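This is what each chain is made of:
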Amino acid sequence: MKKAVVVLALLLSMAMLVAGGSKESGPVTLEFWYENAGPARTPYIEELISRFEAENPDIKVHLVALANSEAKQKYDVAVASKETPDVAGFQCQWLSGYIMNGALCPLDDYLASWDEYEDQSPTIINGIRAIASDNKLYMMPNSYNYGPMYWARADWYAEKGLKAPETWDEFFSNIEATTDPANGTYGYSIRGGAGGPDELTYLMYAYSGIDYPFTEDGKSTINDPKHVEIIQRIVDLYGVCTPQSDITNAYKELVAAFDSGTVGCIQHNLGSYGEHSQALEQDQFFAFVAPLADNGKRVASFASNAVGFGMFNNSKHKEEAFRFISFMCSAESQSYFNQISGQLPISQIAANEDWVQERQHLAVVVDAVNGETTVSFPFPYYLPDYAAINSSVAQPAFQAVLAGQMTVEDFLDQWADALTAAYAEYNEYVVGK
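Here is what the cut-offs are and how they apply
Residues numbered from 1 in each chain as written. Predicted model: local features only at pLDDT ≥ 70, side-chain atom pairs only at ≥ 80, totals over all residues. Heavy atoms only, no water. Helix = DSSP H or I, 4+ residues; strand = E, 2+ residues; numbered from the N terminus. Buried < 20%, exposed > 50% of the residue type's maximum accessible area, 1.4 Å probe, protein only. Lys, Arg positive; Asp, Glu negative; His and termini not counted. Salt bridge = Lys/Arg side-chain N within 4 Å of Asp/Glu carboxyl O. Polar contact = N/O pair within 3.5 Å; in protein donor to acceptor, adjacent residues only side chain to side chain. Contact = heavy atoms within 4.5 Å. Phe/Tyr/Trp six-rings, centres within 6.5 Å; stacked < 30°, edge-to-face > 60°. pLDDT = per-residue confidence, 0-100.

What am I meant to see in the side chain of Glu116 here?
Along the chain, the position of Glu116 falls in the loop between α5 (108-111) and α6 (122-129). Among buried Asp, Glu, Lys and Arg side chains, Glu116 stands out as unpaired, with Arg51 the closest opposite charge at 12 Å. For Glu116, the side chain forms a polar contact with the main-chain nitrogen of Ala331, separated by 2.8 Å. Apart from the residues within four sequence positions on either side, Glu116 is in contact with Ser330 and Ala331.

Here is the structure:
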């Protein structure tokens, strides 16, 4: 009896060791949250995950696909409850707050092990480093956009004998010429809902030629008289050359209005190319960048509006997480994803491939980025309150302007006051000035 008990105990011990050993030797599972999910992109993210898992059989990736409209809120809740994933997709404007509260892990210690790091655009990389007060890299980008740029209906413009505008007066005259309310078509659509303040910021600084967000004494330049001028011109289009529904338009509605043939021109970045190419023939639409400012400058944003991937500090699998990030940001992955999304890769290897120059919308952006008068505008994404100011101050105030309840001057003054206060707070508590 005693011998039987001993044998049984040994068998149980061996079973536990085997079970424990198989658990330890099994693949690591990474939880990955993708922040811009939808039918135009999710299938290609899934394909990249499949490729990664095939090359890395010791790692499984669990994808949580989040729509852009809900992702930031989900991240905030996860950070507050310390239930963050291993890896997540990020937009630049989201980073600062997560960096300051210690939620994100800097990638610098892992970069030496990645043989493609030196191939990434230093302009974009340094722009992302500038978001953090310690100049560390908390997000590895895989794609970037350009603002401000526009999509226009090539067939509409050809019918009216129009071309891409070279001046701001031509920009507005094209909108008027392609407006026909009797047939339910309008020359332009305004993004009055979520994301609208970012588009307005691109527009204002492109129009004014001002290339700094704050003066030397710390005042926001958002309410410069030239900005009042261009916003008033945009507001004057509302309901005349634009649909009334523009007051609540966000990304989805803006793109739908263009792709369905309701409007002839929208302000949006390269990221909507996928939707346009699915809804329209290639010869029905084209891209153009904003005209030069009166001072001859082309003020644009490209370094500070990159998107990419970062890892949370709570991850228990950081080495594996970085392997996944570096795979998603490899030249091959960037080339595959950006050809589909219509955006530009950070990898200089991928950026030199033929498909970039062969696509009109990418070629026009590359030419603009490399122009002699082009200046990159440094969006103050390093301000922890920047995104909140845009969504809770600028967005409702601009909607009040469109509704006739506030003047453009009061709107921009309110926005500027909020940014000035946030900048002063940042300098006092973060920079230590």
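Sorry, what's going on with the environment of Gln244 here?
Residue position: Gln244 is located in the loop between α10 (225-237) and α11 (251-259). Take Gln244: its relative accessible area is 53%, and that puts it in the exposed class. Between the alpha carbons of Gln244 and Ser189 there is a distance of 9.3 Å; along the sequence they are 55 residues apart. Not counting residues up to four positions away in its chain, the partners in contact with Gln244 are Tyr238 and Gly239.

I keep staring at the packing of aromatic side chains and nothing clicks. Help me out?
Working definition: an aromatic ring pair is given by the centre-to-centre distance plus the angle between the planes. Under the definition given, this model contains 35 aromatic pairs. When the centroid spacing of 5.4 Å and the interplanar angle of 75 degrees are considered together, the rings of Trp168 and Tyr207 count as edge-to-face. Linking Trp168 in helix α8 (residues 168-177) with Tyr207 in helix α9 (residues 196-208), this pair joins segments that are 39 residues apart in sequence. Accessibility classification places Trp168 together with Tyr207 in one group, the buried group. When the centroid spacing of 5.0 Å and the interplanar angle of 50 degrees are considered together, the rings of Tyr202 and Phe379 count as tilted. Of this pair, Tyr202 sits in helix α9 while Phe379 sits in the loop between β11 (374-376) and α18 (386-402), placing them 177 residues apart in sequence. Here Tyr202 and Phe379 have matching classes, each one buried.

Can you walk me through the confidence of the model for the protein in this structure?
In regions of low pLDDT, the predicted coordinates are not meant to be interpreted in detail. Chain-level statistics for the protein give a pLDDT mean of 92 and a share of 94% at 70 or above. Below a pLDDT of 50 lies the segment residues 5-23, which in the model reaches zero contacts outside its immediate sequence neighbourhood of four places, other chains included.

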